[in-house]
Amino acid sequence: AESGLNLRCTARPIPSRPAVGRGHHPAAMKDWLYNITGTCTEDVMPNSYWDNDVTSPESRILLTFFFASAGGAMLYVGSLKRRARRDTVDYDFGIPLPPSRVEVQRTLSHPAESFMHGATTAVHTLTSLVARPPKERMWHLDFARIVCVSCVVTEHSGGLMYSHHNVAFALQWVLPYLFLTSGICFMLSSAPLWFYVSRLAMVLAAGVGLNWFADIYNGRDWQHDFGTTVFQMFYVVFLIGFAFIGGPLRRALKWRYENPNAPNNNKIRGVALGHGLLCLVGFAMVLLGHPLIYIPKPDNPESWAARAKVMFDNSSVIAAGTGGVFFLAALACLVNASPWHSWILLAAIYIPRVFCPFALVGFSHNVDLYCFGMVAARWGIKGKESIANWVRAYWPLMLGVMMLLSTPELIGRCDVNPPQTVWVRFRFYFTELCLIVCFVTGAFNTSDPWKWTGWLNTWALFAYITHVAWYRLLPVPGGALLTYGFVVPFWLWDKYKRRESEAAAMEALNVDDCESNGSCGSTREQTLEAGSMSLAPMGGDSGQPAADSSAGPPAMGPGGSMPATGEEPLPSPPAPGPGATRAADFFAKGRPLLESFELEARQVPVAAIAA
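Quantities reported herein were computed from a predicted structural model and do not represent experimental measurements.

*Asks:* Tell me about the overall build of the protein chain, and please be specific about residues and values.
*Replies:* Broken down by element type, the protein chain carries 23 helices and 2 strands. Buried positions account for 39% of the 611 residues belonging to the protein chain. If you take every contact in the protein chain between residues at least 6 apart in sequence, the share linking residues at least 24 apart comes to 77%. When the accessible surface of the protein chain is summed, it comes to about 35100 Å², and 66% of that surface belongs to carbon and sulfur atoms.

Now the structure itself:
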């Protein structure tokens, strides 16, 4: 200040490098890869902002043609799978297929040869089923939920810059992983729909109630903008809504997975017909250039109703795109779904994102990923193991490609409003596609040796419900610090519960061992000592005392059953008590083993069930 210099940090353009050699041409001094300027704001963007308007005739024709091509690809893949099943055994599902006409004629003409062929096929099928490795627990779902909620807490508690600058590709995996994980978990859940929705309703009531209390305490005018009060809990509203919308599709996917060779029934046809009608109406309105639902313009342009109007103005495009994705998923059930159908769904999701942008596309895009998660959870994706192995071995190469395709000068929420040009949109969504494929193939799967995911999942639920209320009640960054600080109480509570469970198991061990050994009046150490002593060699029925432990183990005969001195044979040591068995099962975190277990008409070793 004394020298009169302006030392404030101001934004200024980066000077171009001096021209060298043939670089004197002005175009040679430009950054050919990262010279991308623009802002992807969360504000309402006009359709003229993008290089290709979604309402243009080209976009309407392209969108219709592409989804028609995706439907044709679904039918073609389904026909190939049906053709391959005519003379083979479907080892993907572990069920021998009904014989074809050629096999029936062979059986009638050569019964002995056909019998041997059928027996060999059956043995091969059962061998492949028994040798099938156990399913790997998807720990990456737990970690994705925990880490994504942590990022959402930072975003909603005043830390906007990391998302606006897309630090660590946050825009391309935080919300997509949340919706993808929700779709996968909804598909894998065996809970009835009413129980699933009731739990979500309780979470919704708790989150909205806390936000409402914070608004009343701060004196905010929540009566005219209740959407801001709901805020982050709109995600739970979405989960409840699509539990009803996606419920029939979930039942159809499960039924087709459990009955791969059964003919289609009316329920499967009804699910496909319902989503197909929505998709057809949406495309009809897209071609006509009219919205499917129209609402009047709200008075407050900053309210949630104003943002909702923009989405309703594009309701025909959303119905055509999202309805088309759900219809393709239902169509896969009609044509015998396969892992190839997951790739077709990915193409149906990401190609329109690149060529047909529109305002607030991020919300419908995440719904599409929710549907894709349901399909991928049930049918998988073709080449899953190969892709996962490649990524785990060569992930630095993939990271290098992602860094080359990044857009460091692009500012804003590009996941909500996509970038302006086709080239930049391709770079943005290609990176997201790579991360999505790595996630669903299990390339990011890890482990949990210290059992942290249990209490961290509980903390994540608590943090998602309460973090907005803390942010509105406390000065920045007090809300974020308090939310993250609750990690410590959850960790301590988990440690306390673990110790309590271990103490209960030890108490059960003491009670069972004292009943079996007759030492109920002894202490825990004496009980354990008695249990270990009971396994040592004891004297026979003739009253002979037990061998002296200080003299070392007795010399055994050649057979291992008679002492070398010719004494009476020692009786076998008693089996350990039931308490030791239960304690071993408890500390191994295994469930009570079943004596008999039927799984697809084959015997499975008890060790495999415990694993």
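*Asks:* Lay out the packing of aromatic side chains with the relevant residues and their values.
*Replies:* Evaluated as defined, the whole model comprises 32 aromatic pairs. Measuring from ring centre to ring centre gives 5.9 Å for Phe66 and Phe67, while their planes differ by 80°; the resulting arrangement is edge-to-face. Both residues of the pair, Phe66 and Phe67, count as buried. Three or more aromatic residues joined by ring pairs make a cluster, and in this case those are Phe179, Phe186, Tyr196, Tyr235, Phe238, Phe242, Phe326, Tyr370 and Tyr464. The ring of Trp139 carries Arg137 above its face, with NZ or CZ at 4.5 Å from the centroid. For Arg378, the ring lying beneath its charged end belongs to Tyr257, and the centroid distance is 4.8 Å.

*Asks:* Before we move on, can you summarise the pattern of salt bridges with the specific residues and values?
*Replies:* Going through the model one piece at a time under the given rule, you end up with 12 salt bridges. A salt bridge links Asp215 to Arg220; the nearest nitrogen and oxygen atoms lie 3.0 Å apart. Taking relative accessible area as the criterion, Arg220 reaches 25% and is therefore assigned partly exposed. Each member of the salt-bridge network shares a partner with another, and the members are Asp215, Arg220, Asp225 and Arg472.

*Asks:* Could you give me a rundown of the nonpolar core, with the residues and numbers involved?
*Replies:* Residues Trp173, Leu249 and Phe372 are the most contacted members of the largest nonpolar core, which totals 108 residues. Apart from residues lying up to four places away in sequence, Trp173 is in contact with Val147, Cys148, Cys151, Ala168 and Leu435. By size, the runner-up hydrophobic cluster in this structure holds 5 residues, among which are Val310, Ala359, Leu360 and Val416.

*Asks:* So what's going on with the environment of Leu482? Residues and values would help.
*Replies:* Within the secondary structure layout, Leu482 lies in helix α19 (residues 478–485). The class of Leu482 is partly exposed, set by a relative accessible area of 32%. Sequence separation between Leu482 and Ala463 is 19 residues; the distance between their C-alpha atoms is 9.6 Å.

*Asks:* Could you give an account of a nonpolar patch on the surface, naming the residues involved and the relevant values?
*Replies:* Residues Leu278, Val281, Leu292, Ile293 and Phe312 make up a contiguous nonpolar surface patch of about 370 Å² in total accessible area. With respect to the helices, strands and loops of the structure, Phe312 is situated in helix α12 (residues 304–313). Judged by relative accessible area, which is 30%, Phe312 ranks as partly exposed.

*Asks:* So what's going on with the environment of Asn314? Which residues, and what values?
*Replies:* Mapped onto the elements, Asn314 comes out in the loop between α12 and α13 (315–334). Spatially, the C-alpha atom of Asn314 lies 9.0 Å from that of Val54, the residues being 260 residues apart in sequence. Setting aside residues no more than four positions away along its own chain, Asn314 makes contact with Val54, Phe358 and Ala359.

*Asks:* Help me get a handle on unusual backbone geometry, residues and values and all.
*Replies:* Along the chain, Val476 connects to Pro477 via a cis peptide bond; the corresponding omega equals 0°. Mapped onto the elements, Pro477 comes out in the loop between α18 (453–473) and α19. A positive phi is found at Asn166, a non-glycine position, where the angle reads about 55°. The class for Asn166 is buried, based on a relative accessible area of 18%. The phi torsion at Lys451 lies on the positive side, around 60°, for a residue other than glycine. With respect to the helices and strands, the residue Lys451 is situated in the loop between α17 (422–440) and α18. According to the relative accessible area criterion, Lys451 is partly exposed, its value standing at 37%.

*Asks:* Give a description of the confidence of the model for the protein chain that names residues and reports values.
*Replies:* Mean pLDDT over the protein chain stands at 78; residues scoring 70 or higher make up 68%. Residue range residues 1–25 is modelled with pLDDT below 50. Its contacts to residues more than four positions away, or to other chains, number 6 contacts. Of the regions scoring below 50 in pLDDT, residues 86–102 engages in 32 contacts with residues more than four places distant in sequence or in other chains.

*Asks:* Any details on helix α10 (residues 247–258)? Residues and values, ideally.
*Replies:* An α-helix turns once every 3.6 residues. As a result, residues three or four positions apart point the same way. Compared with an ideal rise of 1.5 Å per residue, which puts 12 residues at 16 Å, α10 spans 17 Å between its outermost C-alpha atoms and is within 8% of the ideal. For α10, the complete set of buried residues consists of Gly247, Leu249, Arg250, Ala252, Leu253 and Arg256.

*Asks:* Got a sec to walk through the environment of Ile240? Specific residues and values, please.
*Replies:* With respect to the helices, strands and loops of the structure, Ile240 is situated in helix α9 (residues 234–245). When the C-alpha atoms of Ile240 and Tyr196 are compared, they prove to be 8.5 Å apart, with 44 residues separating the residues in sequence. Non-local contacts of Ile240, meaning those with residues more than four positions away in its chain, are made with Val197, Leu200, Ala201 and Leu204.

*Asks:* Describe helix α11 (residues 266–288), naming the residues involved and giving the relevant values.
*Replies:* Taking 1.5 Å per residue, 23 residues should reach 33 Å; α11 reaches 32 Å between its end C-alpha atoms and fits that length. Listed in full, the buried residues belonging to α11 are Ile268, Val271, Ala272, His275, Gly276, Cys279, Gly282, Phe283, Met285 and Val286. Where α11 starts, the residue carrying a side-chain oxygen 3.3 Å from the main-chain nitrogen of Lys267 turns out to be Asn265. Directly after α11, the chain includes Gly289, whose backbone phi takes a positive value near 80°.

*Asks:* Run through the packing of helix α16 (residues 384–404) against α17, naming residues and quoting values.
*Replies:* Orientation of α16 relative to α17, taken along the N-to-C sense of each, is 150°, at an axis distance of 10 Å. The angle between α16 and α17 falls in the class roughly antiparallel. Regarding α16 and α17, the two cross each other, and that crossing is left-handed. For the pair formed by α16 and α17, the contact residues are Lys384, Ile387, Val391, Met398, Met402 and Leu404 on the first element and Arg427, Thr431, Leu435, Val437, Cys438 and Val440 on the second.

*Asks:* I'd like a description of the packing of α13 against helix α15 (residues 361–379), backed by residues and values.
*Replies:* It is the contact of α13 with α15, at a shortest axis distance of 10 Å, that shows an interaxial angle of 0°. In terms of orientation, α13 lies roughly parallel with respect to α15. Contacts between α13 and α15 involve Ile318, Thr322, Val325, Phe326 and Ala329 from the former and Ser364, Val367, Asp368, Cys371 and Val375 from the latter. Split into classes, the residues belonging to the contact of α13 with α15 amount to 7 nonpolar, 2 polar and 1 charged.

*Asks:* How would you summarise the side chain of Ser342 if you had to cite specific residues and measurements?
*Replies:* Inspection of the secondary structure assignment puts Ser342 in helix α14 (residues 340–355). Classification of Ser342 by relative accessible area gives buried; the value is 0%. Setting aside residues no more than four positions away along its own chain, Ser342 makes contact with Phe372, Val375, Ala376, Gly380 and Ile381.

Rules of the game
- Residues numbered from 1 in each chain as written.
- Predicted model: local features only at pLDDT ≥ 70, side-chain atom pairs only at ≥ 80, totals over all residues.
- Heavy atoms only, no water.
- Helix = DSSP H or I, 4+ residues; strand = E, 2+ residues; numbered from the N terminus.
- Buried < 20%, exposed > 50% of the residue type's maximum accessible area, 1.4 Å probe, protein only.
- Contact = heavy atoms within 4.5 Å.
- Areas by Shrake-Rupley, 256 points an atom, 1.4 Å probe, with all protein chains shown as cover.
- Phe/Tyr/Trp six-rings, centres within 6.5 Å; stacked < 30°, edge-to-face > 60°.
- Lys NZ or Arg CZ within 6 Å of the ring centre and 35° of its normal.
- Salt bridge = Lys/Arg side-chain N within 4 Å of Asp/Glu carboxyl O.
- Core = buried A, V, L, I, M, F, W, Y, C linked by side-chain atoms within 4.5 Å.
- Patch = residues over 30% accessible without salt bridge, like charges linked within 9 Å, V, L, I, M, F, W, Y side chains within 5 Å.
- pLDDT = per-residue confidence, 0-100.
- Expected span 1.5 Å × (residues − 1).
- Polar contact = N/O pair within 3.5 Å; in protein donor to acceptor, adjacent residues only side chain to side chain.
- Axes fitted to C-alpha atoms, helices over the stretch in contact; angles between N-to-C directions.
- Parallel < 35°, antiparallel > 145°, perpendicular 65-115°, else oblique.
- Left-handed = near helix turned anticlockwise from the far one by under 90°.
- Nonpolar A, V, L, I, M, F, W, Y, C, P; charged D, E, K, R; others polar.

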